[in-house]
Amino acid sequence: MIYVDRSEPCPQSLLAAATLRQAQDAEAYYDTWVTGQASFVEFTRYKENDVQQALRKMFKWKCAYCERQLEKGSFEVEHYRPKGAVDGCDHPGYWWLALEWTNLLPTCAACNKGLLQHIVTSDMQLAEVEALQAKRPTDLHGKRTQFPVSLPRLEAKSHDHFAEGPMLIDPTRTDPEPELRWRSDCVFSVVEPATSALGPSVIGAETIKCVALNRIDLVENRTQVLERLRTQRIQIMDALERAVVGADSVTINAAIQTALLRIADMKLSGEANQPYAGMARAFVRSFASEFESWAAARELEEN
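Residues numbered from 1 in each chain as written. Predicted model: local features only at pLDDT ≥ 70, side-chain atom pairs only at ≥ 80, totals over all residues. Heavy atoms only, no water.

So, on to the packing of helix H6 (residues 216–244) against helix H7 (residues 249–266). Close contact between H6 and H7 brings their axes to 9 Å; oriented N to C, the two are set at 175°. Between H6 and H7, the angle is such that the two are roughly antiparallel. Note on element contacts: H7 touches H6 through Thr251, Ile252, Ala255, Ile256, Ala259, Arg262, Ile263, Asp265 and Met266, opposite Leu229, Gln232, Arg233, Gln235, Ile236, Ala239, Leu240, Ala243 and Val244. In terms of residue class, the contact of H6 with H7 is built from twelve nonpolar, three polar and three charged. (Axes fitted to C-alpha atoms, helices over the stretch in contact; angles between N-to-C directions. Helix = DSSP H or I, 4+ residues; strand = E, 2+ residues; numbered from the N terminus. Parallel < 35°, antiparallel > 145°, perpendicular 65-115°, else oblique. Contact = heavy atoms within 4.5 Å. Nonpolar A, V, L, I, M, F, W, Y, C, P; charged D, E, K, R; others polar.)

The first and last C-alpha atoms of helix H1 (residues 17–31) sit 21 Å apart over 15 residues, in line with the 21 Å expected at 1.5 Å per residue. If you check which residues of H1 are buried, you get Thr19, Gln22, Ala26 and Tyr30. Projected down its long axis, H1 shows its buried positions confined to an angular sector of 70°, all on one face. Of the residues in H1, the exposed ones pointing more than 90 degrees away from the buried face are Leu20 and Asp31. (Expected span 1.5 Å × (residues − 1). Buried < 20%, exposed > 50% of the residue type's maximum accessible area, 1.4 Å probe, protein only. Arc of directions from axis to C-beta.)

This brings us to the nonpolar core. It is characteristic of soluble globular proteins that their nonpolar side chains tend to be buried jointly. The biggest cluster of nonpolar side chains holds 73 residues, and the ones touching the most others in it are Tyr65 and Leu240. Considering every element that reaches this core, the biggest residue donor is helix H8 (residues 277–302), with ten residues. Every residue in contact with Leu240, bar those within four places of it in the chain, is listed here: Ala255, Ile256, Ala259, Phe291 and Trp294. Counting residues in each nonpolar core, the second largest holds eight residues, with Leu132, Phe188, Ile216 and Val219 among its members. (Core = buried A, V, L, I, M, F, W, Y, C linked by side-chain atoms within 4.5 Å.)

Here we come to the environment of Arg181. For Arg181, the position within the fold is in strand E5 (residues 180–183). Those residues in contact with Arg181, other than ones at most four positions away along the chain, are Val190, Val191, Glu192, Pro193 and Ala194.

The next subject is the environment of Ser289. Relative to the elements of secondary structure, Ser289 occurs in helix H8. In this structure Ser289 comes out as partly exposed when scored by relative accessible area, which is 41%. A C-alpha to C-alpha distance of 24 Å links Ser289 and Asp248, two positions 41 residues apart in sequence.

In the sheet, E5 pairs with strand E6 (residues 190–193) via four bridges, with the strands oriented antiparallel. In the sheet register, Trp182 faces E6, and the bridge partner there is Val191. Hairpin connection of E5 to E6: six residues between the antiparallel strands. (Pairing = 2+ DSSP bridges.)

Considering all chains together, one arrives at ten aromatic pairs under this definition. Each ring, one from Trp95 and one from Trp96, has its centre 5.7 Å from the other, and the planes form 85°; the classification is edge-to-face. An aromatic cluster of at least three residues, connected via ring pairs, comprises Tyr29, Tyr30, Trp33, Phe40, Phe43, Tyr80, Tyr94, Trp95, Trp96 and Phe147. We note Arg6 situated over the ring of Trp101; from NZ or CZ to the ring centre the distance is 5.1 Å. (Phe/Tyr/Trp six-rings, centres within 6.5 Å; stacked < 30°, edge-to-face > 60°. Lys NZ or Arg CZ within 6 Å of the ring centre and 35° of its normal.)

A cis amide bond links Ala156 with the next residue in sequence, Lys157, at an omega value of 0°. In this structure, Lys157 sits in the loop between strand E4 (140–141) and E5. Here Lys60, not a glycine, exhibits a phi torsion of approximately 55°, which is positive. Within the element layout of this structure, Lys60 appears in the loop between helix H2 (49–58) and strand E1 (76–79). Phi at Glu67 is positive, roughly 70°, even though this residue is not glycine.

Right, let's talk about the pattern of salt bridges for a bit. For the structure shown, the criterion picks out 16 salt bridges. Taking the shortest distance from any N to any O, the salt bridge between Asp217 and Arg68 comes out at 3.2 Å. In this pair, Asp217 is assigned in helix H6 and Arg68 in the loop between H2 and E1, connecting sequence segments 149 residues apart. Among the ionic pairs, Asp217 bridges to Arg215, the shortest N-O distance being 3.8 Å. Judged by relative accessible area, Asp217 falls into the partly exposed class, the value being 30%. A relative accessible area of 0% means that Arg215 is categorised as buried. A cluster of three or more residues bridged by salt bridges with shared partners is formed by Arg181, Arg183, Asp185 and Glu192. (Salt bridge = Lys/Arg side-chain N within 4 Å of Asp/Glu carboxyl O.)

Take the side chain of Thr207 next. Residue placement: Thr207 occurs in helix H5 (residues 202–210). The class for Thr207 is buried, based on a relative accessible area of 0%. Reaching out from Thr207, the side chain makes a polar contact with the backbone nitrogen of Ile169 at a distance of 2.9 Å. In this view, Thr207 contacts Met1, Met167, Leu168, Ile169, Ala212 and Leu213; residues no more than four positions away in its chain are not counted. (Polar contact = N/O pair within 3.5 Å; in protein donor to acceptor, adjacent residues only side chain to side chain.)

As structure tokens, then:
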């Protein structure tokens, strides 16, 4: 998950008269709505083609939550605040935001729906994950109608995003980077809540749980990218160690410059259009810091 600037203007179909009529119909419906009554089911305008295209463009054809590439047939227009119900309470859902541009995100089905999925943890070894794969999953994971908050929920028709203390990260409003810790020191690419002096990030933990960011298929795909980055790191450091043995300062500096170029190439994996860019950025940032420490130590040795 990475921060994405919601720079695309509101699509015209969401400003059209047909959309206004649909919003008015919903408002009339909820004027007499009571707990236990069905939700309004006639929202359709949020799925118009120009809305889908704008979301695809803004998120570089990736899921807003897990950063998986959204291929044809795997794209869903997700309501960040669920439109028809909220898990675990009598709230009618944020129906007044159902057609709001700022409440729409592009997602994959596995993040958006409740699917039977296995979850991988950081302490799992290859054999354990293979054993999981051999079993039929029995637990539902994915957002569905979940929307955890830390304060009283918004009521119609409030648009004040932060007033209810949302605990699911909207990557167009909150930078996910400080809230998530990408593990590269274990077998699989697992994400955990970042830890600060105040303890683990609550919104990081809730986001990981809510959209199942450690579901088994996602972790395996992410690990493939991580393995390529790990291999590049080993190759760069091995080449450096060989180059500096008995070498003069000119040769050492040339080797360092070559390493820096290769690290710059690794950073391309963290470009916004690349899958799992958040994980890649964290790995390359950590490696760049490691490299800087190595170079500083070499300089001390030479002096």
